[in-house]
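# Structural features, examined
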Amino acid sequence: MNNSASEQKWKWWPLLPLYPYGRRRTIFRELVPNQIWSFEQLQGIYYVAVPVRLLVIRVKNELMIINPLPPTSELLKEIDLLQKKIGPVKTIVLPTASGLEHKIGLPALARAFPNAKIWLCPGQWSFPFQLPFDWLGIPSNRTNILLADGFPHGDDCEWISLGPIDIGLARFQEISCFHKPTKSLLVTDALVGIEATPPELFNLDPTPLLFHSREKGSEELIDSPIARRKGWLRLVLFASYLKPEKLEIPKIKEILENSFKPKMRNKRSHFGIYPFAWQEGWDLSAKKLVGEKTPLIQIAPVIERLVFPRGKKAFISWLNKIESLKGISFLISAHYSGKVRFTTNEIRALKVKIDNSNWEKTQGDFKFLSWFDQKLLNFGIVPKNPLKKFSD
Ligand SMILES: [Fe+2]
């Protein structure tokens, strides 16, 4: 293993076996000079990988981490440089109750910063049993619960809860942070900004983009800017709708006919197995999700359709609170694009878009998510009124 590979090693990957498994490359960027830094890694299934972000925020002469990620030596080395420049990491915040991809790195991150206080979104759950924090590797003697125990750094940060929403087996909730010195709203899954060009993170290894840019399994993975962009748009469609309208699954016979061709007999090409057939018009669907010049701000369709179908009121109430934040200027989300312009103008435009469209969409690209939601509802896995449980 060369030096960078050993620094990118994540030995706990079997706990949540997501691509790229045991090797997590990290991209480090300064989002707001001297104030906010972003660390991005890829996470996904079957090469459907999107960036997941950890933020380091300067709070006076110390640092706060929001949204943990697997702390590889590469990632810790960069944070250490920030500690030398600004001050120690004294706070780690996990602001979501449901997003597993944000939780999985917390125990190792907590061990890496033994003097940091940990703040958790209320309603943390473990599956299949509810286990005590210490059993999950979260040290209870330095752990606080947001809302119940107050909030960290009240001078610099305003914390706004989205939810809780009862999603049957668990709850959805996230506590967004408005960082006043930079006028930035830091969210986890509530909103994302997506752009048409693939994120920089794929420059380290464009394989997921090239894999999905093809039409069948016998095609080689050939790198070009057009293939990368095409692959990216398809990844966005997968991540947004799980099964987009213009995607069909070919018959097994057809898949096998195109598999195991001489040049494709390798792990990187999944041995030529490619169970997808994109239909004409897929690119028009993708273009509705991405911004050409600037990232398109939106509620991720999978969240909108599976978390909020009967919880519009909770989302709008959160958005109204966000709109009233004095001087709000930027959105920094834990997925997709980093810093995106987000003033009251963008917030109002989003509200108009929500008002003018059907909230519980059932057709087109939303067909599969809608079917899935209906199944969960029919089996009694999700409640008819997700706000009732927490209304008192
Ligand atoms: Fe997430």
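In this text, all values refer to a predicted model and were calculated from it rather than measured experimentally.

## Comments concerning the overall build of the protein chain
- A count of helical and extended segments in the protein chain gives 12 helices and 16 strands.
- In terms of C-alpha radius of gyration, the protein chain reaches 21 Å, essentially the compact-globule figure of 21 Å for 392 residues.
- With respect to the three principal axes, the spread of C-alpha positions in the protein chain is 60 × 50 × 45 Å.
- The buried share among the 392 residues of the protein chain stands at 41%.
- A separation of at least 24 residues holds for 68% of the contacts in the protein chain among residues at least 6 apart in sequence.

## Digging into the pairing of strand 4 (residues 62-66)
- Of all 5 residues in strand 4, 4 are buried, a share of seventy percent or more.
- Bridge analysis of strand 3 (residues 48-59) against strand 4 gives 5 bridges, and the strand direction is antiparallel. Within the sheet, the bridge partner assigned to valine 59 lies in strand 4 and is glutamate 62.
- What sits between strand 3 and strand 4 in their antiparallel hairpin is a turn of 2 residues, with lysine 60 showing a positive phi close to 55°.
- Pairing of strand 4 with strand 5 (residues 89-94) involves 4 bridges; the strand directions are parallel. Note that in strand 5 the partner of leucine 63 across the bridge is valine 89.
- Between strand 4 and its parallel partner strand 5, the chain crosses via helix 2 (residues 73-85), and the hand of that crossover is right-handed.

## Description of the nonpolar core
- In terms of nonpolar packing, the biggest core is built from 84 residues, with Leu55, Ile65, Ile66, Ile92, Leu185, Val236 and Leu331 touching the most fellow members.
- No other element matches helix 6 (residues 225-241), which puts 8 residues into this core.
- Inspection of this core shows a minimum of three residues originating in each of domain 1 (3-195 + 297-350) and domain 2 (204-287).
- Not counting the four nearest positions on each side in its chain, valine 236 is found in contact with Ile194, Ala286, Leu289 and Val290.

## Observations regarding the sheet that holds strand 1 (residues 27-32)
- Pairing in this open sheet of 7 strands is mixed, and the strands run 1-2-3-4-5-6-7 from one edge to the other. Both outer strands of the open sheet, strand 1 and strand 7 (143-145), are each paired with one neighbouring strand and no more. Averaged over all pairs of adjacent strands, the angle between their axes in this sheet comes to 25°, without regard to strand direction.
- Summarising the sheet, strand 5 and strand 6 (residues 117-120) pair through 4 bridges and their orientation is parallel.

## Digging into the domain arrangement of the protein chain
- The domains assigned to the protein chain are domain 1 (3-195 + 297-350) and domain 2 (204-287).
- Once you take the C-alpha centre of each, domain 1 and domain 2 turn out to be 30 Å apart.
- The partner domain 2 presents 12 residues to the 9 residues of domain 1 that form the contact.
- Looking at the side of domain 1 that touches domain 2, the elements that each hand over two or more residues are strand 3 and helix 9 (301-306).
- Here the side of domain 1 that touches domain 2 gets 3 residues from one element, more than from any other, and that element is strand 3.

## Here's the deal with the environment of alanine 349
- Structurally, alanine 349 can be placed in helix 11 (residues 344-356).
- The class for alanine 349 is exposed, based on 12 C-beta atoms found within 10 Å.
- Spatially, the C-alpha atoms of alanine 349 and isoleucine 297 are 9.9 Å apart, while their sequence positions differ by 52 residues.

## Topic: the packing of helix 10 (residues 312-323) against helix 11
- At a minimum axis separation of 10 Å, helix 10 and helix 11 run at an interaxial angle of 160°. Between helix 10 and helix 11, the angle falls in the class roughly antiparallel. Like other packed secondary-structure pairs, helix 10 and helix 11 cross with a definite hand, here left-handed. Every residue of helix 11 that contacts helix 10 at Leu319, Ile322 and Glu323 is listed here: Thr344, Ile347 and Lys351.

## Topic: the environment of glutamate 158
- Along the chain, glutamate 158 falls in strand 8 (residues 157-166).
- In this structure glutamate 158 comes out as partly exposed when scored by C-beta crowding, with 16 C-beta atoms within 10 Å.
- Put simply, glutamate 158 and histidine 179 are 21 residues apart on the chain and 6.7 Å apart in space, counted from C-alpha to C-alpha.
- Those residues in contact with glutamate 158 that sit more than four places away from it in its chain are Phe178, Lys180 and Leu325.

## Here we look at helix 11
- The terminal C-alpha atoms of helix 11, which comprises 13 residues, lie 18 Å apart, in line with the 18 Å expected from a rise of 1.5 Å per residue.
- The element helix 11 is largely exposed, with a buried count of 1 among its 13 residues.

## Quick word on unusual backbone geometry
- Following glycine 163, the chain continues into proline 164 via a peptide bond in cis, with omega recorded as 10°.
- Notably, asparagine 34 is not glycine yet its phi reads approximately 65°, a positive angle.
- Looking at asparagine 34, the number of C-beta atoms within 10 Å reads 11, which means it is exposed.

## Points about the pairing of strand 6
- Pairing geometry for strand 6 and strand 7, over 3 bridges, is parallel. Along strand 7, the bridge assignment pairs tryptophan 119 with asparagine 144.

## Considering the sheet that holds strand 8
- Taking strand neighbours across the sheet as the criterion, the 5 strands line up as 8-9-10-15-16 in an open arrangement whose pairing is mixed. Bordering the open sheet on either side are strand 8 and strand 16 (339-341), each of which pairs with just one other strand. Recorded for the sheet is a direction-independent mean angle of 25° between the axes of neighbouring strands.
- Helix 10 rests against strand 8 and strand 10 (184-187) of the sheet, and its axis sits at about 175° to strand 8.

Definitions and cut-offs
Within each chain, residues carry numbers counting from 1 in the order of the written sequence. In keeping with the model being predicted, local features are shown solely for residues with a pLDDT of at least 70 and side-chain atom pairs are shown and tallied solely at 80 or more, while totals for entire chains, interfaces and linings include all residues. Only DSSP runs of H or I with at least four residues qualify as helices, and only runs of E with at least two residues qualify as strands; both kinds are numbered from the N terminus onward. A radius of gyration in this sense is built from C-alpha atoms; the matching globule rule multiplies 2.2 Å by the number of residues raised to 0.38. Around each residue's C-beta, the other C-beta atoms within 10 Å are counted; 20 or more make the residue buried, 12 or fewer make it exposed, and counts in between make it partly exposed. All C-beta atoms are placed from the backbone. A pair of residues counts as a contact when their C-beta atoms, built from backbone coordinates, are within 7 Å of each other. Think of it this way: DSSP has to see at least two bridges between two strands before they count as a pair. The definition of a right-handed crossover adopted here requires that, viewed with the strands pointing away, the path from the first strand over the helix to the second runs clockwise. Here, a nonpolar core denotes buried Ala, Val, Leu, Ile, Met, Phe, Trp, Tyr and Cys residues that are linked to one another through C-beta atoms within 7 Å. For the domains described, the bounds stem from an automatic or database domain assignment. Each axis is a line fitted through C-alpha atoms, taken for helices only over the stretch in contact, and angles between the N-to-C directions span 0 to 180 degrees. Geometric relationships in this document are graded by angle, where less than 35 degrees denotes roughly parallel, more than 145 denotes roughly antiparallel, 65 to 115 denotes roughly perpendicular, and other angles denote oblique. By convention the crossing between two helices is left-handed if the near helix lies anticlockwise of the far one by an angle smaller than a right angle, and right-handed if it lies clockwise. To estimate how far a helix should reach, multiply one less than its number of residues by 1.5 Å.

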